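Per-entry structural report
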Amino acid sequence: MLSRYYFLFSPLLLLAVEVAASCNADNCLRALRASSRLEAAVSFCGTFTSGPVTATSAIPSFAVAACTGNVASRVSSACSCIATATSSLSTIPVTSSASSSDSSSTSVSITSTSSAPTSTPTFSTGPKTCLNPSLSCHNTTVLEDLCCFNAPGGQLLLTQFWDASPSTGPNNSWTIHGLWPDHCDGSYDANCDASREYTNITAILQSYGKTNLLTYMNVYWKDYQGNDESFWEHEWDKHGTCISTLNPSCYNGYTGQEEVVDYFEIAVSLFKGLDSYAALASAGIVPSTTVTYTFAQIQDALTAAHGFPVTISCSGGQLDEIWYHYNVLGSVQTGEFVPTSPDGSKSNCAATGISYVPKYLPAPISTSTSSGATSTPTGTPYLGKGFLQAYTGGANKGCLISAGTWYTTGTCATYTAATSGPGFTLTSSKGPCDIIAGAFSCAAGNTAGIFTSIDGSLAYSTSNTFYAAAIPAGSVQQKVFIATDATDTVEVSFVWQSV
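Attention now goes to the overall build of the protein. If you tally the helices and strands in the protein, you get 11 helices and 22 strands. Within the span of the protein, comprising 499 residues, buried residues form 47% of the whole. In the protein, 66% of the contacts between residues at least 6 apart in sequence involve partners at least 24 apart. Carbon and sulfur atoms make up 53% of the accessible area of the protein, which totals about 22800 Å².

Quick look at the structure:
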């Protein structure tokens, strides 16, 4: 009897897995999976998928609103991706022994989304269903099911860049920085699972057939150095691995790296609903080389669009980053992103005089003369061998060591500076130095980047300010970055000391 049941059951399981593999957590499926509507959706989908339906009058209004375009087709597709409870469900006895005379049996009810008879079972794959989810950062007791509750990274930030020098992305759009899980007090974890720090994001997305997603990311998720793949890897490794509901254990029938696909799809989906350029332009705030804006003007425009205040970041007096904050009802994959105020994060822009520089400005024509110094960055005195001393808060706090990390208790690395083009290159005993995924790095595989100095401090692009998560202490080293984020908020500069 066991073999007969096995051959009946196996093909149906394979069919169900094939159907479920096509499920994408788009706005239509999210609407049906939302906790406030899930019960109604389960009941509706149980009858909706039993026969052809083309009239939207038979579809709940919340589904019509979310499933735009070919509504009936999209609703049918979404219904096939959630568990349903209908009168057509049947049970199949699964015996525990090849002998039917002395074996007990267990009835297993599995829904069907195929066109087979009503007794056909199906098997649910994908993110676990959260029937009674809680809103992150609002629990009063410890919740153990971290597949349906984001913790400790309960506040999710969708962060955006305005890269003007060098310019990236369309000239009328901000670009994606990342999706970050902050603790509810503004602190955060980073690089939470070394075993899932992947170096093949493009290949992973391609393996799941996400060509449209990749095409979009190649336009709107850009690295200012042109190495988009490394940037995506950095964002997933540092932030994606710390989202609790994206843990592999939170998937039914987990297939390798599917959580990576969900991370990038969700980030892109959120970004598409956050048109920062349009929100600012509607308030008369547009890129300009002559006009500046106040912090209040920018915050008011973005708050009106988002519903809550956002975190605004500036570098060198120029607007360059926006963080939108959310709590999540349920899992990141299937839950509802609820806008909220920043919790612990602080904007760093001045009250007035904020520049919003246009992208893709023509390069300035040199006007230097022999009678005086120019105002452009210079490579001098970064020549020969020297240390890179660190200064923060007006005090010398350690230096850079050979890998390019900031250290306060060890021996400073000796760097070699050599003139190159408009600036200079740097090399340590580890290899050439460059900015890799936003961080200062020296390693054998690097291509030497071009640095300059501004007011005597090491500079990259147009800024001589670097950022770290904290001032190093004891044996702890800190990576230094060229842009701030939710965790890298300590400003530090580096000054050459010839040896």
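Structure's up, so let's keep going.
Here we take up the layout of surface pockets. Here the largest pocket defines a volume of roughly 720 Å³. D163, S315, D320, I482 and A483 are, among the 36 residues lining the largest pocket, the residues nearest its centre. The residue makeup of the lining of the largest pocket, split by class, is 15 nonpolar, 13 polar and 8 charged.

Attention shifts here to the pairing of strand β13 (residues 395-400). Relative to β13, strand β12 (residues 384-392) is paired through 3 bridges, and the arrangement is antiparallel. Bridged to T392 within β13 is A395. Hairpin geometry of β12 and β13 is characterised by an intervening segment of 2 residues between the two adjacent antiparallel strands and by a positive phi of about 60° at G393. The hairpin turn running from β13 into strand β14 (residues 406-407), its antiparallel successor, is 5 residues long, and G404 in that turn takes a positive phi close to 95°.

What follows covers the confidence of the model for the protein. Taken as a whole, the protein shows an average pLDDT of 80; of its residues, 78% reach a score of 70 or greater. Note that residues 1-22 has pLDDT below 50 and, in this model, 24 contacts with residues that lie over four places away or in other chains. Taken together, the stretch residues 84-123 has pLDDT below 50 and engages in 69 contacts with residues farther than four places along the chain or on a different chain.

Another aspect to go through is the nonpolar core. Judged by nonpolar contacts, the single largest core of 56 residues is most densely connected at L179, W221, F264, L280, I298 and L302. With 9 residues, the single largest contributor to this core is helix α9 (residues 258-272). Apart from the residues lying within four places of it in its own chain, the contact partners of W221 are I176, H177, G178, Y216, D228, F231, W232, E235, Y263, F264, A267 and V268. The next biggest cluster of nonpolar side chains, apart from the first, holds 26 residues, and it includes Y382, F440, Y460 and F466.

This part takes up helix α7 (residues 211-220). Buried within α7 are the following residues: L213, L214, Y216 and M217. In an axial view of α7, the angular spread of the buried residues amounts to 160°, which keeps them on one side of the axis. Exposed residues lying more than 90 degrees from the buried face of α7 are N212 and T215. Buried positions along α7 lie against α6 (201-207), α8 (228-238) and α9.

Right, let's get into the environment of L302. The topology assignment puts L302 in helix α11 (residues 295-306). For the pair formed by L302 and I322, sequence separation is 20 residues and the distance between their alpha carbons is 9.1 Å. Discounting chain neighbours no more than four positions away, the residues touching L302 are S276, A279, L280, F308, V310, I312, I322 and Y324.

Before going further, it helps to examine the packing of α7 against α9. Two quantities define a packed helix pair, namely the angle between the helix axes and the distance between the axes. Remark: α7 packs on α9, axes separated minimally by 11 Å, with the N-to-C direction vectors making an angle of 60°. Judged by the inter-axis angle, α7 sits oblique to α9. Taken as a pair, α7 and α9 cross one another with a handedness that is left-handed. In this structure, α7 contributes L213, Y216, M217 and Y220 to the contact, and α9 contributes F264, E265, V268, F271 and K272. Of the residues that constitute the contact of α7 with α9, the class distribution is 7 nonpolar, no polar and 2 charged.

The next subject is the pattern of salt bridges. Under the defined criterion, the tally for this structure stands at 5 salt bridges. The residue E259 makes a salt bridge to R196 at a minimum N-O spacing of 3.1 Å. Placement of the pair is E259 in helix α9 and R196 in the loop between β5 (175-182) and α6, with a sequence separation of 63 residues. Pair check on accessibility: E259 and R196 agree, each one buried.

Turning to the environment of E491, a few remarks are in order. Structurally, E491 can be placed in strand β22 (residues 490-498). Taking the relative accessible area as the measure of exposure, E491 reaches 45% and is therefore partly exposed. A sequence separation of 98 residues divides E491 from G393, and the C-alpha atoms of the two residues are 8.0 Å apart.

Our focus in this paragraph is the packing of aromatic side chains. Applying the stated criterion across every chain yields a total of 21 aromatic pairs. Ring plane angle 25° and centroid distance 4.5 Å describe the contact between Y216 and Y220, whose orientation is recorded as stacked. Taken together, the residues span about one helical turn, with Y216 and Y220 both in helix α7 at a distance of 4 residues. Plain terms: the ring middles of Y263 and F264 are 5.0 Å apart, the flat faces sit at 90° to each other, and that makes the pair edge-to-face. Look at Y263 and you get buried, because its relative accessible area is 0%. For F264, a relative accessible area of 0% corresponds to the buried category. Here the guanidinium or amino end of K238 rests over the ring plane of F481, the centre of that ring lying 4.7 Å away. Above the plane of the ring of W162 lies K359, whose end atom (NZ or CZ) is 4.4 Å from the centre.

Thresholds applied
- Sequence order as written defines the numbering, with residues in each chain counted from 1.
- The predicted origin of the model limits local features to residues at a pLDDT of at least 70 and limits the giving and counting of side-chain atom pairs to 80 or more, whereas totals for whole chains, interfaces and linings rest on all residues.
- To obtain the side-chain values, all non-hydrogen atoms of the structure were used and water was disregarded.
- Put simply, DSSP H or I for four residues or longer makes a helix, DSSP E for two residues or longer makes a strand, and each gets a number counted from the N terminus.
- Buried means the residue's accessible area, taken with a 1.4 Å probe over protein chains only, is under 20% of the maximum for its type, while exposed means over 50%, and partly exposed covers the values in between.
- The contact rule is simple, with two residues in contact once any of their heavy atoms fall within 4.5 Å.
- Here, Shrake-Rupley sampling with a 1.4 Å probe gives the accessible areas, and only protein chains in the shown set may cover a residue.
- Cavity and pocket criteria rest on a 1 Å grid covering protein atoms alone: a 1.4 Å probe that fits but cannot get out defines a cavity, protein on both sides within 12 Å along at least 5 of 7 lines defines an open pocket, and an atom within 4 Å of a point defines a lining residue.
- Grid points are joined across faces, edges and corners, and a volume is the space filled by probe spheres set on the points.
- Note that Gly is not counted as nonpolar here; it falls among the polar residues with everything else outside the nonpolar set of Ala, Val, Leu, Ile, Met, Phe, Trp, Tyr, Cys and Pro and the charged set of Asp, Glu, Lys and Arg.
- For two strands to pair, DSSP has to find at least two bridges joining them.
- For every residue, the predictor states its confidence as a pLDDT score lying anywhere from 0 to 100.
- Among the buried residues, those of types Ala, Val, Leu, Ile, Met, Phe, Trp, Tyr and Cys that are joined through side-chain atoms within 4.5 Å form a nonpolar core.
- Here, the arc refers to the directions that run from the helix axis to the C-beta atoms.
- Here an axis means a line fitted to C-alpha atoms, over the contact stretch when the element is a helix, while the angle between two N-to-C directions is reported on a 0 to 180 degree scale.
- In this scheme, roughly parallel covers angles under 35 degrees and roughly antiparallel covers those over 145, while 65 to 115 is roughly perpendicular and the rest are oblique.
- Here is the rule for handedness: rotate from the far helix to the near one, and if that takes an anticlockwise turn smaller than a right angle the crossing is left-handed, while a clockwise turn gives right-handed.
- Salt-bridge detection follows one rule: a side-chain nitrogen of Lys or Arg within 4 Å of a carboxyl oxygen of Asp or Glu.
- Aromatic contacts are taken between Phe, Tyr and Trp rings whose centres are within 6.5 Å, Trp giving its six-membered ring; a plane angle under 30 degrees counts as stacked, one over 60 as edge-to-face, and the others as tilted.
- Placement of a charge over a ring requires the Lys NZ or Arg CZ to be within 6 Å of the ring centre, with the centre-to-atom vector within 35 degrees of the ring normal.

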